[in-house]
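# Structural overview
Each chain, letter by letter, is given below.
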Amino acid sequence: MVKQSGIVRLLLALVLAVTVGVGCTATAPGGGGDNGGDNGGDNGGDNGGDNGGDNGGGDNGGDNGGGGDNGDGTLDLTLSGIRVHVQARIEVGDDLVLFTSANEDGGVGPAQFIIPSQGDTTGRDIPTPELFDNNSFEVAGKKLILFDDAAATDRDFGITIFDTVSETLSPIPLADIRVATIPVSNFGPGFIDVDGDLIATINDIGSLGADGDELVRVVDISGDTPQVIKFAVNPDDDNLATPDQIMVDAASRLVVAARFVTKKFYVYDIDNPAAAPVEFQVDDMRAFDTQFDIHDGVVLYVGREGNEVFGFFLDVTDPANQPVKVETPRGGAQRPTFLGNHFAFQTNGGAAIGTLPDMTATTPPDGSNTGTGGTIAIGFLNNSDPIWFTGVQDNIPTNDPIEFSDGSSVWNELDDDDAPDDVLTAGDVHTDLSGKYFAFKYEISDDSFLGFAVLNN
């Protein structure tokens, strides 16, 4: 039985010299926001409630306003009551959250989406949802990138674009795009990568694959009709040299493919697809058990120095640049995340966060801050103040909250005075690419629900 709790006020005291209150429109108390803040929106909701727990309680009611800035230094963290699968994938775009729903029995339901600014309390359907994989997708702005379900169509390993504004579906011809792999894990490498209006893909070629020999291809979805860009020279100029993962950066107009066997990054110029890639030999590169990230021409990746694993930066805009190691207090590094020049990655039992200096600096970035959890996301308060969120992935232990930090060594917990033991059980944090929209997963009585917030307007 899920109790209705109304609006829960969660006060967030930050070292940023601001106090942010998070109002939770809760159809159910408890639960939380782990998944919510992966890319941009994570920050908002997580932040709001994490620090505080001051709780102003209860205006009963479904003020599902989607969490905007109320103009008084407060944010609304919305507990939507929308049920999601316990292992749901969550992706956040421009005023858009795409997620894996749950059926009545808790099983995997179809992919659905919400519009946070509309205060949605039910998921919005995608046309012909049975044709698409329910747990493999991405978001680019207001468009959904869907993988065609092999069991329901003959377009296995194909992708379709759904424009949520025009409500139109645009299948990309298999002759142009047929992805080489779809990882089972929500955070597995080798998936497509999205930035701005660009989708980077690793393609299967040959008799059962896409036409032509180009392994690396980008789809530009800025217009009404998607445009496919094919890069003429494969990594190592070898048709069999399938990359292990791919990254795209809209700001620098670069695509970066990576291969572990050669320990190389292959950097492609989107505006010159006929040119061979610029190669970076990276001998410290670690096996690909986690997706790397890129922002403004700088790659954040995981590498090894001796028997220790660290995070590394590499500016790939200049072939003369060398990797810069991030000093961390604990061994291990995974799930690198960039937002602006702010970074984060998981370490063994914690998280390393910081802000990227000029890449010409000789002193490595400070990554001495630690938190707990298995997912991590970055957002912005007041349009510029970074905030980091971390939370457990998938099954969330009872009373395990989202944590947040303003970049200092202190991590605070998201508390809820109306929840059992004052803890909002939540995790799976995600944000969008602007750091404005935050989404997460919260749990009540072993059922998982979708939470979200708008961090700034």
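Residues numbered from 1 in each chain as written. Predicted model: local features only at pLDDT ≥ 70, side-chain atom pairs only at ≥ 80, totals over all residues. Heavy atoms only, no water.

## Describing the overall build of the protein chain
- Looking only at helices and strands, one finds one helix and 33 strands in the protein chain.
- Looking at the protein chain residue by residue over its 457 residues, the buried ones come to 58%.
- Across the protein chain, every contact between residues at least 6 apart in sequence was considered, and the portion connecting residues at least 24 apart equals 57%.
- About 16500 Å² of surface is accessible on the protein chain, with carbon and sulfur atoms providing 45% of the total. (Helix = DSSP H or I, 4+ residues; strand = E, 2+ residues; numbered from the N terminus. Buried < 20%, exposed > 50% of the residue type's maximum accessible area, 1.4 Å probe, protein only. Contact = heavy atoms within 4.5 Å. Areas by Shrake-Rupley, 256 points an atom, 1.4 Å probe, with all protein chains shown as cover.)

## Let's talk about unusual backbone geometry
- Phi is positive for arginine 253, which is not a glycine, with a value near 60°.
- When you line up the elements, arginine 253 lands in the loop between strand S16 (245–249) and strand S17 (254–259).
- Positive phi, close to 50°, is recorded for aspartate 296, a residue that is not glycine.
- Along the chain, aspartate 296 falls in the loop between strand S20 (293–295) and strand S21 (298–305).

## Some points on the environment of glycine 107
- Inspection of the secondary structure assignment puts glycine 107 in the loop between strand S5 (96–102) and strand S6 (108–114).
- Sequence spacing of glycine 107 and valine 86 is 21 residues, and the spatial spacing of their C-alpha atoms is 8.7 Å.
- Non-local contacts of glycine 107, meaning those with residues more than four positions away in its chain, are made with His85, Ser101 and Ala102.

## Comments concerning the sheet that holds strand S9 (residues 143–148)
- Here four strands make up an open sheet; going across it, the order is S8-S9-S10-S11 and the pairing antiparallel. Looking at the sheet topology across the chains shown, the edges are occupied by strand S8 (132–140) and strand S11 (168–171). Shown here is a sheet whose adjacent strand axes are inclined to one another by a mean of 25°, direction ignored.
- Here S8 runs beside S9; their pairing, made up of five bridges, is antiparallel. The residue of S9 that forms the bridge with glutamate 138 is isoleucine 145. (Pairing = 2+ DSSP bridges. Axes fitted to C-alpha atoms, helices over the stretch in contact; angles between N-to-C directions.)

## Considering the side chain of aspartate 163
- Locating aspartate 163 in the fold gives a position in strand S10 (residues 159–163).
- Among buried charged residues, aspartate 163 stands out as having no salt bridge; its nearest opposite-charge side chain is lysine 143, 4.2 Å away.
- The residues touching aspartate 163, leaving out its near neighbours within four places in the chain, are Lys142, Lys143 and Thr168. (Lys, Arg positive; Asp, Glu negative; His and termini not counted. Salt bridge = Lys/Arg side-chain N within 4 Å of Asp/Glu carboxyl O.)

## Focus: the confidence of the model for the protein chain
- Scored by pLDDT, the protein chain comes out at a mean of 77, with 73% of its residues at no less than 70.
- Segment residues 1–74: pLDDT under 50, and 345 contacts once partners within four positions in sequence are set aside and those in other chains are kept.
- Every residue in residues 358–365 scores below 50 in pLDDT, and together they form 16 contacts with partners more than four places removed in sequence or on other chains. (pLDDT = per-residue confidence, 0-100.)

## Overview of the pairing of S9
- Taken across its six residues, S9 has six buried, putting it largely inside the fold.
- Along S9, one buried face is formed by Lys143, Ile145 and Phe147 and the opposite face, lined by Leu144, Leu146 and Asp148, is buried too.
- Counted along the chain from S8 to the antiparallel partner S9, the turn is two residues long, and its residue glycine 141 has a positive phi close to 65°.
- Sheet analysis places S9 next to S10, joined by five bridges and oriented antiparallel. Counterpart to lysine 143 in the pairing with S10 is aspartate 163.

## Some remarks on the sheet that holds S21
- Overall, antiparallel pairing links the four strands, which are arranged S20-S21-S22-S23 in an open sheet. The open sheet has two edge strands with one neighbour each: S20 and strand S23 (324–326). With strand direction ignored, the average angle separating the axes of adjacent strands in the sheet is 40°.
- Here S21 runs beside strand S22 (residues 308–315); their pairing, made up of eight bridges, is antiparallel. For valine 299, the partnering residue across the bridge sits in S22 and is leucine 314.

## A closer look at the pairing of S22
- The buried count for S22 comes to seven of eight residues, which makes it a mostly enclosed element.
- Linking two consecutive strands that pair antiparallel, namely S21 and S22, is a turn of two residues; a positive phi of about 65° is found at glycine 306 within it.
- Pairing analysis gives three bridges linking S22 to S23, with the strands arranged antiparallel. Bridge pairing in S23 links glycine 311 to valine 326.

## A word on the packing of aromatic side chains
- Within the structure shown, the criterion is met by twelve aromatic pairs.
- Each ring, one from phenylalanine 113 and one from phenylalanine 162, has its centre 6.2 Å from the other, and the planes form 55°; the classification is tilted. Residue phenylalanine 113 is found in strand S6, and its partner phenylalanine 162 is found in strand S10; the two are separated by 49 residues along the sequence.
- Under the relative-accessibility criterion, phenylalanine 113 is labelled buried at 5%.
- Residue classification places phenylalanine 162 among the buried residues on the basis of a relative accessible area of 3%.
- Ring centres of tyrosine 301 and phenylalanine 312 lie 5.5 Å apart, and the angle between their planes is 20°; on these two criteria the pair is classed as stacked. Linking tyrosine 301 in strand S21 with phenylalanine 312 in strand S22, this pair joins segments that are eleven residues apart in sequence. Of the two residues, tyrosine 301 and phenylalanine 312, both sit in the buried class. (Phe/Tyr/Trp six-rings, centres within 6.5 Å; stacked < 30°, edge-to-face > 60°.)

## Quick word on the pattern of salt bridges
- According to the stated counting rule, one finds 14 salt bridges in the structure shown.
- The partner of aspartate 148 in a salt bridge is arginine 155, and the shortest N-O contact between them spans 2.8 Å.
- The exposure class of aspartate 148 is buried, given its relative accessible area of 7%.
- Classification of arginine 155 as buried rests on a relative accessible area of 17%.

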